[in-house]
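Chain by chain, the residues:
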Amino acid sequence: MSLQHTLAVQTGVPPKARGNELGGVALGDTKDLAAAAWPRQHLRTRLLDTAGPLLQECWLAEGPLAQGHSEGIHWRRGDGMLYGVIELHETDTPTTRDDSPLRATSRLAYERLFRLLREQGTPHLWRVWNYMGRINDASHGLERYRQFNLGRYDAFVQAQRDTGGQVPAACALGLQEGPLSIAFLAGTTPLVPLENPRQVSAWRYPSQYGPQAPTFSRAALAHPRGQEALFISGTASIVGHETVHPGDVAAQCRETVRNLECLVQEANRVARSRPFSLAGLSHRAYVRHADDAVTVRHTLEPLLGGAPLVCVQADVCRSDLLVEIECHAI
Ligand code: 3EB
């Protein structure tokens, strides 16, 4: 069983189904997209500076696949790993008086996710992609990203999972509207979490960033059978726990690359398979202001050694962050 990744910029006809899709994501103008048999997250956003309006990224796996729908999660699994997508509308989640709808919805989504992982015998959550509407807006006296952090944490505690240390690589971004959308990759083998010595671990953030610190590690090595994958979480212009270079998107890009370089270095201290390098990773940049896309690409490209880079519009979870970059290698 091996995990592969394809990235296809779609200009017209969608790529033919291969049958070995574990799951993936469609980014861009997804409204006319034909249904897929595999779990597919839809990110209704703008692709910046690419040829087409739509991009599909897919994880492929060899060998027989099983699939199902459990409590609103569409999932597919192969030997030793599982990919799933859950989309929940906040208006569908019952809440109590001191619960915000987003907190309750985030808790519910992660409770279901953890139940599925238990049932399927793939308990180790490797990588999670979180998206929600209007992430920087406030309601119920709290920014929505901070509400999400509360609900996610509630579910980790309820499932008796580690909330610092053995936590998945992740990203959390805002889109204009839409449901809470969570995609995840999990497996039978534990992840090797990585932290960045230049940054405070996110699960140790002080309370000035919200009543509950976020539950993710800076990066993770995961081991599908016979393979080693590196997932670098959404990474931004943060040193220690503070945002640096507010208002300067090019400087934020350069600082973020310094963080990515550090994480690659950390990965290489423990990697079993080969040394990783920034040029050998596949990158996605989330850009807050579409007008910054040209600056972002011109700043990043020379630093990434020709590695693939996709830029999409999304809101980063701190309002002073203009860009966030995530990457992976398999
Ligand atoms: C940061 O470093 C930027 O809440 O899952 C990056 C990756 C960020 C993941 C998450 C948030 C998350 O704090 C934000």
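Residues numbered from 1 in each chain as written. Predicted model: local features only at pLDDT ≥ 70, side-chain atom pairs only at ≥ 80, totals over all residues. Heavy atoms only, no water.

(A) Up close: the confidence of the model for the protein chain. The pLDDT averaged across the protein chain works out to 93; a share of 95% of its residues lies at or above 70. Between residues 9-13, whose pLDDT stays under 50, and residues either more than four places distant or in other chains, the model counts 11 contacts. (pLDDT = per-residue confidence, 0-100. Contact = heavy atoms within 4.5 Å.)

(B) Structural view of the sheet that holds strand β14 (residues 192-194). The strand order across the open sheet built from 7 strands is β4-β20-β19-β21-β16-β15-β14, with neighbouring strands paired in mixed fashion. Sheet topology places β4 (47-48) and β14 at the edges, where each strand pairs with a single neighbour. In this sheet, strand β20 (residues 309-313) lies alongside strand β19 (residues 282-287) in parallel orientation, the contact comprising 5 bridges. If you follow Ala 285 over to β20, its bridge partner there is Cys 311. Where helix α3 (residues 249-270) meets the sheet, its contacts fall on β14, β15 (219-222), β16 (229-235) and β21 (323-329), and the angle it forms with β16 comes to roughly 150°. On the sheet, helix α4 (residues 293-300) packs against β4, β19, β20 and β21 and is oriented at approximately 155° with respect to β20. (Pairing = 2+ DSSP bridges. Helix = DSSP H or I, 4+ residues; strand = E, 2+ residues; numbered from the N terminus. Axes fitted to C-alpha atoms, helices over the stretch in contact; angles between N-to-C directions.)

(C) Here's a closer look at the packing of aromatic side chains. Overall, the coordinates contain 10 aromatic pairs when judged by the stated rule. When the ring of Trp 59 is compared with that of Trp 129, the centres are 6.3 Å apart and the planes differ by 45°; the resulting orientation is tilted. Of this pair, Trp 59 sits in strand β5 (residues 54-61) while Trp 129 is found in strand β9 (residues 124-133), placing the two residues 70 residues apart along the sequence. The pair Trp 59 / Trp 129 is uniform in exposure class, with both members buried. Their ring planes at 40° and their centres at 5.9 Å tell us that Tyr 110 and Phe 156 sit as a pair that is tilted. In this pair, Tyr 110 sits in helix α1 (residues 101-120) while Phe 156 sits in helix α2 (residues 144-158), placing the two residues 46 residues apart along the sequence. (Phe/Tyr/Trp six-rings, centres within 6.5 Å; stacked < 30°, edge-to-face > 60°. Buried < 20%, exposed > 50% of the residue type's maximum accessible area, 1.4 Å probe, protein only.)

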